[in-house]
Amino acid sequence: MCVVSMVAVDLEGPYEPRVRRADLGAAGVTSDLGRGLQGSEPSAPGDSEAPPYRMFRWERSIPLRGSAAALCNNLSVLQLPARNLTYFGVVHGPSAQLLSAAPEGVPLAQRQLHAKEGAGVSPPLITQVHWCVLPFRVLLVLTSHRGIQMYESNGYTMVYWHALDSGDASPVQAVFARGIAASGHFICVGEGAKGTWSGRVLVFDIPAKGPNIVLSEELAGHQTPITDIATEPAQGQDCVADMVTADDSGLLCVWRSGPEFTLLTRIPGFGVPCPSVQLWQGIIAAGYGNGQVHLYEAATGNLHVQINAHARAICALDLAPEVGKLLSAGEDTFVHIWKLSRSPESGYIEVEHCHGECVSDTQLCGARFCDSSGSSFAVTGYDLAEIRRFSSV
């Protein structure tokens with residue numbers, strides 16, 4: 001019988017994770033390290049055995065014209081190193097705020113995008129804004145209760161509009177789009193309807209330039225509305241899982257992208273929504289409404305690690321792909337950073353807590369790394385009229 005490694009992390013404070021690791025073999029033998037994933041207490045700053053991960057400090061905040069809406073994953077970040085700029089996108093009711101800022105946080109420009117009206121008497125509410133980085137271009141995607149809008153990266157030129165088909169749905173069963181990710185030359189967007197057993201993924205084929213965008217495929221696999229989508233480059237491997245989709249029931253669907261997307265496996269939910277999901281080197285990180293983060297093997301769907309990361313629902317996850325850092329934010333006002341890796345001996349997924357931060361009196365709703373190395377991150381909160389930025393010391 002193969003050995004399954006399970007880890008449970010209980011956080012009683014921002015910097016004192018209490019870790020228990022158990023290795024269950026054929027005989028069911030349990031070992032309790034108790035003093036951390038590596039078997040030792042976290043070292044104090046300046047200690048000779050301090051962990052190699054730098055801590056973070058609060059930098060200059062970026063003001064918003066209005067507070068962020070109470071939506072999960074309500075922050076998108078696009079770094080433009082060649083122009084020494086960072087773009088930020090935040091949803092506020094029927095509009096999306098787009099900001100550009102210098103590295104020191106000085107806001108340089110701010111504008112608003114509104115959802116296309118379509119049919120209906122009330123202004124449509126925006127559900128998400130996200131920059132999709134494709135191999136040949138970058139598009140800004142905005143989703144709402146009316147449809148899907150795609151813009152050039154600066155948000156000035158709309159290149160595509162896809163109206164959602166509400167059919168005979170009543171106002172109580174309003175159709176909406178939510179969950180956005182790029183996979184190769186495709187952009188995938190989730191769709192669902194409130195109060196119905198409905199959830200699908202729309203796959204759009206994006207040309208190298210111009211507005212000739214085509215809806216190429218509709219993926220079925222979910223029976224509740226999509227909450228989030230995550231992808232990673234397939235790197236030319238066959239039968240590799242390079243996309244994962246999550247829904248309101250907590251179900252995860254693992255896909256292989258290509259001219260035709262293929263469903264590889266389903267990871268069952270357990271009655272708790274999965275608002276945010278990430279994918280890194282074959283590891284699925286899923287954040288749930290009960291505050292837990294689960295780490296699965298994408299190829300098999302097996303659960304390797306379970307982390308009791310937050311006291312309340314998780315609202316956002318993000319990954320720094322260069323170093324394998326995972327950012328989690330919850331409605332408990334805390335942000336945590338974790339280091340993911342694989343054991344060279346067993347190949348099991350391992351996790352280490354690196355940093356915790358409390359954003360006092362704030363219901364967080366968005367969190368993103370500002371660079372691929374994980375040296376800085378930003379958060380948004382409901383009724384908070386600014387983007388809080390943090391950088392490594």
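Rules behind the numbers
Residues numbered from 1 in each chain as written. Predicted model: local features only at pLDDT ≥ 70, side-chain atom pairs only at ≥ 80, totals over all residues. Heavy atoms only, no water. Helix = DSSP H or I, 4+ residues; strand = E, 2+ residues; numbered from the N terminus. Buried < 20%, exposed > 50% of the residue type's maximum accessible area, 1.4 Å probe, protein only. Contact = heavy atoms within 4.5 Å. Areas by Shrake-Rupley, 256 points an atom, 1.4 Å probe, with all protein chains shown as cover. Salt bridge = Lys/Arg side-chain N within 4 Å of Asp/Glu carboxyl O. Disulfide = S-S within 2.5 Å. Core = buried A, V, L, I, M, F, W, Y, C linked by side-chain atoms within 4.5 Å. Pairing = 2+ DSSP bridges. Axes fitted to C-alpha atoms, helices over the stretch in contact; angles between N-to-C directions. Lys, Arg positive; Asp, Glu negative; His and termini not counted. Polar contact = N/O pair within 3.5 Å; in protein donor to acceptor, adjacent residues only side chain to side chain. Phe/Tyr/Trp six-rings, centres within 6.5 Å; stacked < 30°, edge-to-face > 60°.

1. A word on the overall build of the protein chain
Point 1. Of regular secondary structure, the protein chain possesses zero helices and 31 strands.
Point 2. Evaluated residue by residue, the protein chain yields a buried proportion of 53% over its 393 residues.
Point 3. Counting only contacts in the protein chain whose residues sit at least 6 apart along the sequence, the fraction spanning at least 24 positions is 48%.
Point 4. Within the structure as shown, the protein chain displays about 17200 Å² of accessible surface, and the carbon and sulfur contribution to it stands at 51%.

2. Comments concerning the pattern of salt bridges
Point 1. Following the criterion strictly, the structure yields eight salt bridges and no others.
Point 2. Of the charged contacts in the structure, one is a salt bridge between Glu 59 and Arg 57, with a shortest N-O distance of 3.1 Å.
Point 3. Judged by relative accessible area, which is 26%, Glu 59 ranks as partly exposed.
Point 4. A salt bridge links Glu 386 to Arg 388, with the shortest nitrogen-to-oxygen separation between them at 2.5 Å.
Point 5. Take Arg 388: its relative accessible area is 13%, and that puts it in the buried class.
Point 6. One salt-bridge network, held together by shared partners, links Glu 191, Arg 200 and Glu 218.

3. Structural notes on unusual backbone geometry
Point 1. At Gln 281, a position not held by glycine, the phi torsion is positive, near 50°.
Point 2. Checked against the element boundaries, Gln 281 lands in the loop between β21 (276-280) and β22 (283-287).
Point 3. Classification of Gln 281 by relative accessible area gives exposed; the value is 52%.
Point 4. Positive phi values are uncommon outside glycine, yet Asp 361 reaches one of about 55°.
Point 5. A residue is classified by how much of its surface remains accessible, and Asp 361, at 81% relative accessible area, is exposed.

4. Topic: the state of the cysteines
Point 1. Per the counting criterion, the structure on display carries zero disulfides.
Point 2. Of the cysteine sulfurs around Cys 188, a residue in no disulfide, the closest is that of Cys 132, at 8.7 Å.
Point 3. Classification of Cys 188 by relative accessible area gives buried; the value is 0%.

5. Describing the nonpolar core
One recurring pattern in soluble globular proteins is that nonpolar side chains are buried together.
Point 1. Ile 148, Met 150, Ile 187 and Phe 204 are the most contacted members of the largest nonpolar core, which has 20 residues in total.
Point 2. Elements with a contribution of two residues or more to this core: β10 (138-144), β11 (147-152), β12 (158-163), β13 (175-183), β14 (186-193) and β15 (199-205).
Point 3. Here this core gets four residues from one element, more than from any other, and that element is β13.
Point 4. Not counting residues within four places of it along the chain, the set of residues in contact with Ile 148 comprises Val 141, Leu 142, Thr 143, Tyr 160, Trp 161, His 162, Leu 164, Ala 177, Val 189, Leu 202 and Phe 204.

6. Quick notes on the sheet that holds strand β27 (residues 334-342)
Point 1. In spatial order, the strands read β25-β26-β27-β28; together these four strands make up an open sheet with antiparallel pairing. This sheet does not close on itself; its edge strands, each paired only once, are β25 (314-320) and β28 (349-358). Each neighbouring strand pair of the sheet contributes to a mean axis angle of 20°, computed without reference to strand direction.
Point 2. Judged from the six bridges that link them, β25 and strand β26 (residues 325-330) form a sheet pairing that is antiparallel. Residue pairing across strands places Ile 314 opposite Gly 330, the latter belonging to β26.

7. Describing the pairing of β28
Point 1. With respect to burial, β28 is a largely interior element, seven of its ten residues being buried.
Point 2. Judged from the nine bridges that link them, β27 and β28 form a sheet pairing that is antiparallel. Counted as the bridge partner of Lys 339 is Glu 352 from β28.
Point 3. Connecting the antiparallel pair β27 and β28 is a turn made up of six residues, with Gly 347 showing a positive phi of about 80°.

8. Details of the side chain of Glu 217
Point 1. Along the chain, Glu 217 falls in strand β16 (residues 214-222).
Point 2. For the buried Glu 217, no salt bridge exists, and the shortest N-O distance to an oppositely charged side chain is 10 Å, to Arg 256.
Point 3. At 3.2 Å, the side chain of Glu 217 forms a polar contact with the backbone nitrogen of Phe 261.
Point 4. Look past the residues within four positions of Glu 217 in its chain and what remains in contact with it is Val 201, Leu 202, Val 203, Pro 259, Glu 260 and Phe 261.

9. Here's the deal with the pairing of strand β18 (residues 243-247)
Successive residues of a regular strand alternate their side chains across the two faces of the sheet.
Point 1. When you tally the buried positions in β18, you get five out of five residues, the bulk of the element.
Point 2. In β18, alternate side chains face the same way, and those of Met 243, Thr 245 and Asp 247 on one face and Val 244 and Ala 246 on the other are all buried.
Point 3. Of the strand pairs in this sheet, strand β17 (residues 226-231) and β18 are connected by five bridges, and their pairing is antiparallel. By the bridge assignment, Ile 229 is partnered in β18 with Thr 245.
Point 4. By the bridge criterion, four bridges tie β18 to strand β19 (residues 252-256) in an arrangement that is antiparallel. Opposite Val 244, over in β19, you have Val 254 as the bridge partner.
Point 5. Linking β18 to β19, which pair antiparallel, is a turn of four residues; within it Gly 250 sits at a positive phi near 95°.

10. Some points on the packing of aromatic side chains
Point 1. Scanning the model with the defined rule gives six aromatic pairs in all.
Point 2. Seen in terms of ring centroids, Tyr 160 and Phe 204 are 5.6 Å apart; in terms of plane orientation they differ by 65°. Their pairing is edge-to-face. Highlighted residues: Tyr 160 in strand β12 and Phe 204 in strand β15, separated in sequence by 44 residues. An identical accessibility class is assigned to Tyr 160 and Phe 204; each is buried.
Point 3. Note on Phe 186 and Phe 261: the rings are 5.5 Å apart at their centroids and 80° apart in plane angle, and the pair reads as edge-to-face.

Any functional reading would require information that these geometric values do not contain.
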